[in-house]
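Overview (structure and organization)
Listed below, chain by chain, are the residues.
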Amino acid sequence: MGVSHISNRSEKQSERWSRRGVLTVLGVVPAAVLTGCSGSAGAAESSSSGGSSATASVKAAKVPTVTVLPADGTKKADFTTPVTVSVTDGTLAAVKVTGNDGSTLAGTFNDAKTKWTSAKNPYSGTKYTVAAQAQGAAAKTVTFTTKSPGETFVGYFTPEANSTSGVGMPVSINFTHAVKDRSTVQKAITVTAEPAVEVVGHWFSDSRLDFRPETYWAAGTKITLSLRLKDIEGQDGVYGVQSKDVTFDIGREQISTVDLSSKEMTVKRDGKTLATYPVSGGNAQHTTWSGIMVISERFKQTRMESSTVGLGDEYDISDVPHAQRLTTSGTFVHGNYWASTSVFGNENTSHGCVGLHDAKGANDTSVQGYKFYDSSMLGDVVIVKNSGDKTVAADNGLNGWNLSWAEWKAGSAA
């Protein structure tokens, strides 16, 4: 009995300790689970999952932001700097810039495709629409208007567009404002020829730029003048306005040589003698310029008044027939009806012009003045020699052929 009692207590005590042990083990196991390998993986997974979700949320919240300069709605935007489009938190997919004049501005992206820059500046006085799209985002549209320049200049050119001229006709441009930046202005102007030949510009002054090849144009040449002066700054605050192409044609070759020693003019057409005319040149007090001259104006009849060339009231003839200008200073080759026919080929009696026998009224087709005028065109070459005077200045008319090729090229600013 005693043994049984003791045994019973031992069993109960053992049972208590066993339950305690179980509880202890049960208490330890969760701790082990929490602090052991399985518990660490679970904690890491939970932490990682929470971090990824947070990062994804942050990234999802970052929408690409596109910025255009000039900004949307700008009314007087600068036209001397390029258009730029940039993006943050993304990359650019496409950019298109269109002007209300129908023009477009091309441009390039940087390597990261986070910025686009127009290759050229926008034109002045133009409204532009910029359509820019970032990758994976909606397109953004911006409009702005560039300001107009305060002062402008243009270049008046010779010959006229779509005209046909002789082989001596240079392309001559006279600007309405003096040009300070000759290099920039000249680079905005090109003259090309077909068949191809080197054409070089020469500045005679701050307001005159002529173009010519080394020798006369070939008969049949087509010339293209490209003016890209719009928004080119000729001098501080003065901008060009022209952007156009014009073409001219060169006709047959006609070169006339006036020998004032023999008082004779020989006219050659495409290398063959077309005619020979007796002439009268400038007298000893008013000699005729010598050198290569180009016909720059033609008049069936015109008034010639000595006061306009600094000769007082020596003459005033209201109806000089068949007059063709050779110099700005007043040298012409023209018909003469008031002198005796015996003068021509025998005496130099004029005030500096080259005269041919002609009839009053300019309608007699049988006289030499009429015939020479009828065979001529603007740009034809007239060479005067043995006149007793010096060579005409290259800028006195369209007479740049009196400069050597080296001298001509030295006057280029390109």
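In this report, the structure presented in the accompanying data block is examined. Predicted model, so just to flag it, every value in this text is computed and none were measured. (Residues numbered from 1 in each chain as written. Predicted model: local features only at pLDDT ≥ 70, side-chain atom pairs only at ≥ 80, totals over all residues. Heavy atoms only, no water.)

**Quick notes on the overall build of the protein**
Condition: Under the DSSP-based scheme used, a helix requires at least four consecutive residues in state H or I and a strand at least two consecutive residues in state E, with every element numbered from the N terminus. Whether a residue is buried, partly exposed or exposed follows from its accessible area with a 1.4 Å probe, protein chains only, as a fraction of its type maximum: under 20%, in between, or over 50%, in that order. Two residues qualify as a contact provided that any one of their heavy atoms is within 4.5 Å of a heavy atom in the partner residue. The Shrake-Rupley method, run with a 1.4 Å probe, gives the accessible areas here. Residue values count only the displayed protein chains as cover.
From N to C terminus, the protein includes five helices and 28 strands. Across the 414 residues that make up the protein, the buried fraction comes to 40%. Partitioning the contacts of the protein with sequence separation of at least 6, the portion at a separation of at least 24 is 62%. Approximately 21,400 Å² of the protein is accessible, and the part contributed by carbon and sulfur atoms is 51%.

**Digging into the nonpolar core**
Under the convention used in this document: Side-chain atoms within 4.5 Å link the members of a nonpolar core, which is a set of buried Ala, Val, Leu, Ile, Met, Phe, Trp, Tyr and Cys residues.
In this structure, Ile173, Phe175, Val185, Ile189, Phe211, Leu225 and Leu229 are the most contacted members of the largest nonpolar core, which totals 33 residues. Elements that contribute at least two residues to this core include exactly strand E12 (171-175), strand E13 (189-194), strand E15 (208-212), strand E16 (222-228), strand E19 (243-250) and strand E23 (291-294). Non-local contacts of Phe211, meaning those with residues more than four positions away in its chain, are made with Pro170, Val171, Ile173, Gln186, Ile189, Val191, Val199, Val200, Gly201, Trp217 and Trp408. If you look at the next biggest cluster of nonpolar residues, it comprises 18 residues, including Leu92, Leu105, Tyr128 and Val142.

**Observations concerning the side chain of Asp319**
Applied cut-off: For this analysis, a polar contact is any N or O atom pair within 3.5 Å, provided that within protein one partner can donate a hydrogen and the other can accept it, and provided that sequence-adjacent residues contribute only side-chain to side-chain pairs.
As for its position among the elements, Asp319 is in strand E25 (residues 316-325). On the basis of relative accessibility, which here comes to 14%, the residue Asp319 falls in the buried class. In this structure the side chain of Asp319 is engaged in a polar contact, spanning 2.6 Å, whose partner is the side chain of Tyr337. A distance of 2.6 Å separates a polar atom in the side chain of Asp319 from a polar atom in the side chain of Lys360. Once you skip the residues sitting within four places of it in the chain, Asp319 turns out to touch Gln301, Thr302, Tyr337 and Lys360.

**Digging into the sheet that holds strand E10 (residues 155-158)**
We apply this condition: Think of it this way: DSSP has to see at least two bridges between two strands before they count as a pair. Orientation is described by axes fitted as lines to C-alpha atoms, over the contacting stretch for helices, and by angles from 0 to 180 degrees between their N-to-C directions.
Reading across the sheet, the four strands line up as E10-E12-E15-E14 and stay open at both edges, with antiparallel pairing between neighbours. The outermost strands of the open sheet, each flanked by one partner alone, are E10 and strand E14 (200-205). Neighbour-to-neighbour, the strand axes of this sheet turn through a mean angle of 20°, independent of strand direction. In the sheet, E10 pairs with E12 via four bridges, with the strands oriented antiparallel. Across the sheet, the residue bridging to Phe157 is Ile173, located in E12.

**Focus: unusual backbone geometry**
Looking along the chain, the bond that leaves Thr158 and enters Pro159 is cis, with omega of 5°. With respect to the helices and strands, the residue Pro159 is situated in the loop between E10 and strand E11 (164-165). Each neighbour pair has its own omega, and for Glu194 with Pro195 the value is 5°, a cis peptide bond. Secondary-structure assignment places Pro195 in the loop between E13 and E14. Phi at Asn162 takes a positive value of approximately 65°, unusual for a residue other than glycine. Residue placement: Asn162 occurs in the loop between E10 and E11. Phi angles above zero are rare outside glycine, and Asp231 is one such case at about 70°. With respect to the secondary-structure elements, Asp231 resides in the loop between E16 and strand E17 (233-235).

**Concerning the sheet that holds strand E4 (residues 104-105)**
Spatially, four strands are ordered E4-E3-E7-E8 in an open sheet, and the strand pairing comes out antiparallel. Each edge of the open sheet carries a strand with a single partner, namely E4 and strand E8 (140-145). Sheet topology places strand E7 (residues 127-134) next to E8; six bridges connect them, and they run antiparallel. Bridged to Val130 within E8 is Val142.

**Considerations on the packing of aromatic side chains**
Geometry of an aromatic ring pair is reported as the spacing of the ring centres plus the angle between the planes. To keep things clear, this is the line we draw: The criterion for an aromatic pair is that two Phe, Tyr or Trp rings (for Trp, the six-membered ring) have centres within 6.5 Å, with stacked assigned to planes under 30 degrees apart, edge-to-face to planes over 60 apart and tilted to the rest.
Evaluation of the coordinates by the stated rule reveals nine aromatic pairs. Centroid distance Phe79 to Tyr239: 5.1 Å. Interplanar angle 75°. Geometry classified as edge-to-face. On the criterion of sequence distance, the pair formed by Phe79 in the loop between strand E1 (65-69) and strand E2 (84-88) and Tyr239 in strand E18 (residues 238-240) is long-range, its members being 160 residues apart. Take Phe79 and Tyr239: they sit in the same class, and that class is buried. Judged by centre distance (5.7 Å) and plane angle (75°), the rings of Phe204 and Trp408 are edge-to-face.

**Some thoughts on the environment of Ala139**
Here Ala139 is to be found in the loop between E7 and E8. For Ala139, a relative accessible area of 53% translates into the label exposed. As for Ala139 and Ala93, which are separated by 46 residues in sequence, their C-alpha atoms are 9.5 Å apart. Not counting chain neighbours up to four residues away, the residues in contact with Ala139 comprise Ala132 and Gln133.

**Concerning the pairing of E15**
With five of five residues buried, E15 is to be regarded as a mostly interior element. Side chains Arg208, Asp210 and Arg212 project from E15 onto one buried face, and the interleaved Leu209 and Phe211 project onto a second face that is buried too. Strand direction decides the pairing type here: E12 and E15, joined by four bridges, are antiparallel. Note that in E15 the partner of Asn174 across the bridge is Arg208. Taken together, the five bridges between E14 and E15 define a ladder with antiparallel strand orientation. Across the sheet, Gly201 pairs through a bridge with Phe211, a residue of E15. Hairpin remark: E14 followed by E15, antiparallel, with two residues in the connecting loop.

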